Each structure stands twice: as C-alpha cells, then as structure tokens.
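Coordinate analysis (summary)
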Amino acid sequence: MEKDLPILGSIINFLLVAVIFLIVLGVTFKITLKNYNVKTSKIKFYGLFLGMDNRSILAFSMITLNYIFLIWCVATFDGLNIYYVFITLLFMLGSDIIIKDYKRIFIDLIYSMINMLAIFVTSMLYDYLVNTYTNIYLLIVLGLVVIFVFLYFTYITFKLLNNIVLKEENLKKKDYKKL
C-alpha cells in the first residue's frame, strides 16, 4: 500500500489538472460563443451537443477525459502502471457500454493497448535519456516521439468522438456525415 501512495498522489494531480483544463475550456466556450451567428461554424459545433441525449454526452465526456488523461501521462513521463491501464480501460470501455455500442469494444481494446504502448515507449525513452545516456540526438528523438504520440492520441480521440456522434439517433435525422 505504501508504494501506491505516489501513484495515487499523481492521480490526484491529474484530477486537479483536468478540472483546471475543463474550467478554462468552459470559459473559452462561454467567451467565444457569446456573440454567435446562426450561420457560422461556432453555433454548429455548439449545436452538436444540443442534439445529443445524456448517454451520448456522457460517453463524449468519458472519451474527452481519456484524452486528457493520456496526454497527462505522456507529459509527466511517469511511466505505466496498472492503475493507469485501469483508468484508461474504464473510460474507453465505459463509453462503449454507455452508448450500447458493444461491437466497438474489441477495437477500443486494441486502441487502448496501443495507447499504453505509446506511454510506455515514451517513458522508457525519457528514463534512458535522463539516467543512462544524455545526448542531443536522443532529446530530439524524444521530442519527435512525444509530438507523434500527441498527434496519434488526438486522431484516435476525434475518431472515437465521431463514432459517438454517428451513433446518435437525433443527429442521424439531421444527415450528419462521417468525417
């Protein structure tokens, strides 16, 4: 139990970062959507949430929290542990269960394994760079790997969010197209 305290402390740090991020995001939306025009893309993005039911919004939120968590894991270079795997699986599989998209569970398990592998590789490269061999080329490689992992996480997140939107019945009636 004593060895798990630093991990639990870092999860609490993540929760604080996530709350701050969501507050900043909420304030940004509040300011940018204050003066909206019906014909602009701003209101179309905001209107996306108006057409969703509560289950879809909850699944959308879980995928977004998973994205924030994955970015946090890579940015802190804490490495990988069983708690982080459990949290990611909870978010990913929970969103599929909430919207009753049981066919996507297997592919989301594969995405989760790839996400965990990306966190593991980034952490191992960072540990090697810090503890064993410090080199400018390895630092550049680490930077490029981190950028690639961020872009990969962003791509997968938008793909999962798009799947949630496509599953929504109200948006199917409005002829929403797949990205």
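Shown above is the structure to which this text applies.
Remember, it's a predicted structure, so these values are computed and weren't measured experimentally.

A word on the overall build of the protein chain. Of regular secondary structure, the protein chain possesses seven helices and zero strands. Every one of the 179 residues in the protein chain was classed for burial, and the buried ones make up 36%. Counted over contacts in the protein chain with a minimum sequence separation of 6, partners at least 24 positions apart contribute 69%. Counting only carbon and sulfur atoms, one obtains 72% of the accessible surface of the protein chain, whose full area is about 11600 Å².

Attention now moves to helix α3 (residues 54–76). Helix length check: α3, at 23 residues, gives a terminal C-alpha distance of 33 Å against a target of 33 Å (1.5 Å per residue), a fit within 8%. Restricting attention to buried positions, one finds in α3 the residues S56, A59, F60, M62, I63, N66, I68, F69, L70, W72, C73 and V74. Positive backbone phi, at 55 degrees, marks F77, one or two positions downstream of α3.

So, about the packing of aromatic side chains. Following the criterion strictly, the structure yields five aromatic pairs and no others. Each ring, one from W72 and one from Y84, has its centre 5.9 Å from the other, and the planes form 75 degrees; the classification is edge-to-face. With W72 in helix α3 and Y84 in helix α4 (residues 82–98), the pair connects residues that are twelve residues apart, well separated along the chain. Side by side, W72 and Y84 carry an identical accessibility label, which is buried. Ring centres 4.2 Å apart and planes at 10 degrees place the aromatic pair F77 and Y126 in the stacked group.

This next bit is on the nonpolar core. Residues F69, I119, F153 and I164 are the most contacted members of the largest nonpolar core, which totals 37 residues. Secondary structure elements with two or more residues in this core: α1 (5–32), α3, α4, α5 (105–132) and α6 (136–167). Apart from the residues within four sequence positions on either side, I119 is in contact with L70, C73, V74, G79, L80 and F153.

As enumerated under the stated definition, the model contains one salt bridge in all. A salt bridge links D108 to R104; the nearest nitrogen and oxygen atoms lie 3.4 Å apart. Both residues of the pair, D108 and R104, count as buried.

Here α6 spans 47 Å end to end across 32 residues, near enough to the 46 Å set by a 1.5 Å rise per residue. Of the residues that open α6, the one with a side-chain oxygen 3.3 Å from the backbone nitrogen of Y137 is N135.

Running from amino to carboxyl end, α5 crosses α6 at an angle of 165 degrees, the nearest separation of the two axes being 10 Å. In this view, α5 runs roughly antiparallel relative to α6, as classed from their interaxial angle. Between α5 and α6 the crossing geometry is left-handed. Contacts between α5 and α6 pair D108, Y111, I114, N115, A118, I119, T122, L125, Y126, Y128 and L129 from the former with L138, L139, V141, L142, V145, V146, V149, Y152, F153, I156, K159 and L160 from the latter. In terms of residue class, the contact of α5 with α6 is built from 19 nonpolar, two polar and two charged.

Here the focus is the environment of R55. Mapped onto the secondary structure, R55 falls in helix α3. In the structure, R55 is positioned 43 residues away from I98 in sequence and 6.1 Å away in space, judged by C-alpha atoms. In this view, R55 contacts I97, I98, I99 and K100; residues no more than four positions away in its chain are not counted. There is a polar contact of 2.7 Å between the side chain of R55 and the backbone oxygen of I98.

Quick notes on the rules
Residues numbered from 1 in each chain as written. Predicted model: local features only at pLDDT ≥ 70, side-chain atom pairs only at ≥ 80, totals over all residues. Heavy atoms only, no water. Helix = DSSP H or I, 4+ residues; strand = E, 2+ residues; numbered from the N terminus. Buried < 20%, exposed > 50% of the residue type's maximum accessible area, 1.4 Å probe, protein only. Contact = heavy atoms within 4.5 Å. Areas by Shrake-Rupley, 256 points an atom, 1.4 Å probe, with all protein chains shown as cover. Expected span 1.5 Å × (residues − 1). Phe/Tyr/Trp six-rings, centres within 6.5 Å; stacked < 30°, edge-to-face > 60°. Core = buried A, V, L, I, M, F, W, Y, C linked by side-chain atoms within 4.5 Å. Salt bridge = Lys/Arg side-chain N within 4 Å of Asp/Glu carboxyl O. Polar contact = N/O pair within 3.5 Å; in protein donor to acceptor, adjacent residues only side chain to side chain. Axes fitted to C-alpha atoms, helices over the stretch in contact; angles between N-to-C directions. Parallel < 35°, antiparallel > 145°, perpendicular 65-115°, else oblique. Left-handed = near helix turned anticlockwise from the far one by under 90°. Nonpolar A, V, L, I, M, F, W, Y, C, P; charged D, E, K, R; others polar.

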